[in-house]
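Close look at the chain arrangement
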Amino acid sequence: MAKYLGLFVSEANEHLQRLSEGLVRLERAALAGPERAELLDDMFRHAHSVKGMAGAMGLEGIAATAHRAEDLLGVLRRGQSPAEPEAVDLLLAATDALSSMVEQASAGASPEADAALADRLARAVAAAKEGLPLGAGRPAAPPPAAEAEAPALPAPGGLRSFTVQVSVSAGCPVPAVRGFLVLKKLNGLGAVARSTPSVEDLRAGRIPSRRLEVVLDSAETPQALERALSQISDLESVTIRALEEAPPPPAPSREPAAQAEASRTVRVRAELLDYFLDTVGELILAAARLREVGRSLPEPHRQAHEEGVDRLQGIVKDLHGKVMSVRMTPIATLVERLPRVARDLARKMGKQVEVVVTGAEIEIDRAILDELSDPLVHVLRNAVDHGLEPPHLRQLAGKPAAGRITVAARRERDRVILEVSDDGKGMDPARIRAAAVARGVIGEEEALSLPDREALQLACLPGVSTSDVVTDVSGRGVGLDAVKRVVESVGGALEIDSSPAVGTRFTLRLPLTVAVQSALLVRVGDEVLGLPIAKVHGAAEVELARLERSQGGPLLGYGGGHVPVHDLGRLLGLPAGPPGPRRSVVVAEAEGGRVGLAVDALIGQEEAVLKPLGQPLSLVPGLSAVTVLGNGRPVFILDVSRLLAA
Amino acid sequence: MTKRVLVVDDAIFMRNMIKDIFSGGGFEVVGEAANGLEAVEKWKELKPDLTTMDIVMPFKSGIEATRDIIKHDAKAVIVMCSALGQESLVMEAIEAGASDFIVKPFKSEDVLSVVKKVLGEA
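Residues numbered from 1 in each chain as written. Chains lettered and ligands numbered in written order. Predicted model: local features only at pLDDT ≥ 70, side-chain atom pairs only at ≥ 80, totals over all residues. Heavy atoms only, no water.

**Considerations on unusual backbone geometry**
How we decide: The secondary structure listing takes helices from DSSP runs of H or I that are at least 4 residues long and strands from runs of E that are at least 2 residues long, numbered from the N terminus.
Omega for the bond connecting Thr-196 of chain A with Pro-197 of chain A falls within 30 degrees of zero, at -5°, which places this linkage in the cis form. Along the chain, the position of Pro-197 of chain A falls in the loop between strand E3 (191-196) and helix H7 (199-203). If you check the backbone angles, Ala-501 of chain A has positive phi at about 70° while not being a glycine. With respect to the helices, strands and loops of the structure, Ala-501 of chain A is situated in the loop between strand E11 (493-499) and strand E12 (503-511). A positive phi angle, near 45°, is found at Lys-47 of chain B, a position not held by glycine.

Pasting the structure below:
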């Protein structure tokens, strides 16, 4: 988990920042109608994201506080609160508290929720629901001072957290089964947040030292819990303790250690990275220009100038490489935390899940990666929540009790394919059609005429959810439509495949990068040109004179057919070099079908940072972009279709 | 008030033994069943305060019978009679809603202690 901490801190801070900006906006500009709804939706999502991320990191205090804030935002969103200014005050206080907790977490602490704040939030929600001013809600719990015990940590939903320690007596022949019974009993009285040993260990008969420790969120009193456990035999001792309140958060004086930890990863805006790339490109061009100028210098100065330019070009090249590598990030940072998210969620729902991740080493542009975090977690939650059946139903269906979710990434030419598949109950096209019709997003006739596979895609439309019960897991309006929107905003596509009883697969087809493309570099005469690798099918070395000819042009036998071969130099109007006997032919995809492009030599493949062409070059047909090679040489990237059409 | 017990086991000698334990402990054994099907029927008819349930039985296992009974009344008190080596079955029964379990071979005072606790009498 520690390796995700930096990422968590930076992402959580960003969400909290946006949340507080939104709150301020809400208060300042008395918004109404769709604008207000959109802003509240946004803020709700930020709180929701913080809750989800904190939950995955095991930071219960942050998750609980964010949950409360989300509740209150949910009430505001539904327009139930008559007292918005107080709610904004309270939510700002919650946002500040969350920021401070995130800072503590960045120093390695696991901050507890502020009980008083959580109580105020809970009261505000209750009051808003009853239509009362926020201050008037009944206290959710008696004042802490009146309680003999330490004040309990408020857990989500007005519950309290308890630690229950049980030791099974030595006379019991099957202590793990006893432990299991205790766990089951506690589960009936609240929600088991953690159990040591885990339920899996107990099932396997493991209960070290015959001791079981459970963290339970429950609305029951400690006495009621004790009474319930007293009905179980063979327990030597039972200790129930309400979790103590966290020490007050440290004064805002920042600890140097915390600062150092947070500064190891820095979140950089993708626009800034784009700017770096552009600037490095300009630097390369400028250095190349300097070298040219230097050639005309008189001899005594020329040597020194050359050395300076060499050094400059070396540095620029190095910088170029670094900027490139900063952009490309293995998706491991994104997918490695998914198994934990799924597991925790499954446990909460009494399901079992095994998550297999493949292709974590696949790299993708950071800008895309950043956008994918929320959507991917959502798809995963969707799979656990709606896809996987409970263990007993799975066994009835002849499946293993534990569901299997596969997160697989692979490169396909210039795309990264990310698939999340489960072996659950599948999606029912009929229900999705009905939901879409009920929501008015599609007419009944039109819905019925859709093939099943297309009907499944309706699930991505806003408001279409097939879940009968909106759970706090994947319901509450942060839906598949949001996933689809994000995927499409980075230039990707989302597809759903599903078959009943077999499972569901979400496929995210993503561009490798927003600004980097693999190019095949070729030489024609003295010119170096680039062809987008995505358009390249293959290459062959041939003697042009020996090729078959048709309508005056040579034909290359390729892939069982023939492709017409064009001389790339001639297409571009370049001066013809001395015709060698053997030429290389690149087979590329053009609009009218495959074509062969005869070139003098294949140089190799390179990751090219594409820069748009400025005028007048943008007017030249057949050129799509320019890139600058590490050696400083500018190279035009060709648009094959337009080149042939010219 | 004397608690009413239903004893479910496919072996007559086990039923007799358990009946003796309960009678000697101040309980009233109101019925017995030799398999899971019979157990569910008898339970519906008698609505006992407590049922002792063998796990492996013909026609319908004790686990399935437990599940069926709990469907009728989530508060039904069922104590599983298990043997060593049946741990995973017992856990399954607990998931199905069994309140507790005893492990064969058992002593009468152990049985009485477990059921009294389960009924909240201890």
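**With respect to the pattern of salt bridges**
All names here are of chain A. Cut-off, in case you're wondering: One side-chain nitrogen of Lys or Arg within 4 Å of one carboxyl oxygen of Asp or Glu is enough to make a salt bridge. Working definition: with a 1.4 Å probe on protein chains only, accessible area under 20% of the residue-type maximum means buried, over 50% means exposed, and in between means partly exposed.
Under the defined criterion, the tally for this structure stands at 27 salt bridges over all chains. Here Glu-70 makes a salt bridge to Lys-51, at a shortest N to O gap of 3.2 Å. With Glu-70 in helix H3 (residues 60-77) and Lys-51 in helix H2 (residues 33-57), the pair connects residues that are 19 residues apart, well separated along the chain. Exposure remark for Glu-70: the relative accessible area of 0% places this residue in the buried category. Residue classification places Lys-51 among the buried residues on the basis of a relative accessible area of 12%. Between Asp-318 and Lys-322 there is a salt bridge, with its nearest N and O atoms 3.6 Å apart.

**A few points about the packing of aromatic side chains**
Definition in use: When the centres of two rings from Phe, Tyr and Trp lie within 6.5 Å, Trp using its six-membered ring, the rings pair. Their planes under 30 degrees apart give stacked, over 60 give edge-to-face, and anything left gives tilted. Think of it as a cone above the ring: NZ of Lys or CZ of Arg counts as a charge over the ring if it is within 6 Å of the ring centre and within 35 degrees of the ring normal.
This structure, assessed with the given rule, holds two aromatic pairs over all chains. Aromatic pair Tyr-275 of chain A and Phe-276 of chain A: ring centres 6.5 Å apart, planes at 50°, arrangement tilted. You can call Phe-276 of chain A partly exposed: its relative accessible area is 37%. For the ring pair Phe-22 of chain B and Phe-27 of chain B, a centre distance of 5.3 Å and an interplane angle of 75° mean the geometry is edge-to-face. One exposure class covers both Phe-22 of chain B and Phe-27 of chain B, and it is buried. Over the ring of Phe-101 of chain B we find Arg-178 of chain A; its NZ or CZ atom is 4.1 Å from the centre of that ring.

**A closer look at the sheet that holds strand E1 (residues 4-8) of chain B**
Pairing between the strands of a sheet comes from backbone hydrogen bonds, and it takes one of two forms, parallel or antiparallel. All names here are of chain B. Operational definition: Any two strands with at least two DSSP bridges between them are considered paired. All axes here are fitted lines through C-alpha atoms, helices being fitted over the stretch that makes contact, and every angle between N-to-C directions spans 0 to 180 degrees. Contacts: residue pairs with any heavy atoms within 4.5 Å of one another.
Spatially, five strands are ordered E2-E1-E3-E4-E5 in an open sheet, and the strand pairing comes out parallel. The sheet is open, and its two borders are formed by strand E2 (28-33) and strand E5 (100-104), each paired with just one other strand. When the angles between neighbouring strand axes are averaged without regard to direction, this sheet yields 20°. Bridge count between E1 and strand E3 (residues 50-54): four bridges; the pairing is parallel. Within E3, the position partnered with Val-5 by the bridge is Leu-50. The strands touched by helix H3 (residues 62-72) within the sheet are E3 and strand E4 (78-83), with E4 carrying the most contacts at an inclination of about 170°.

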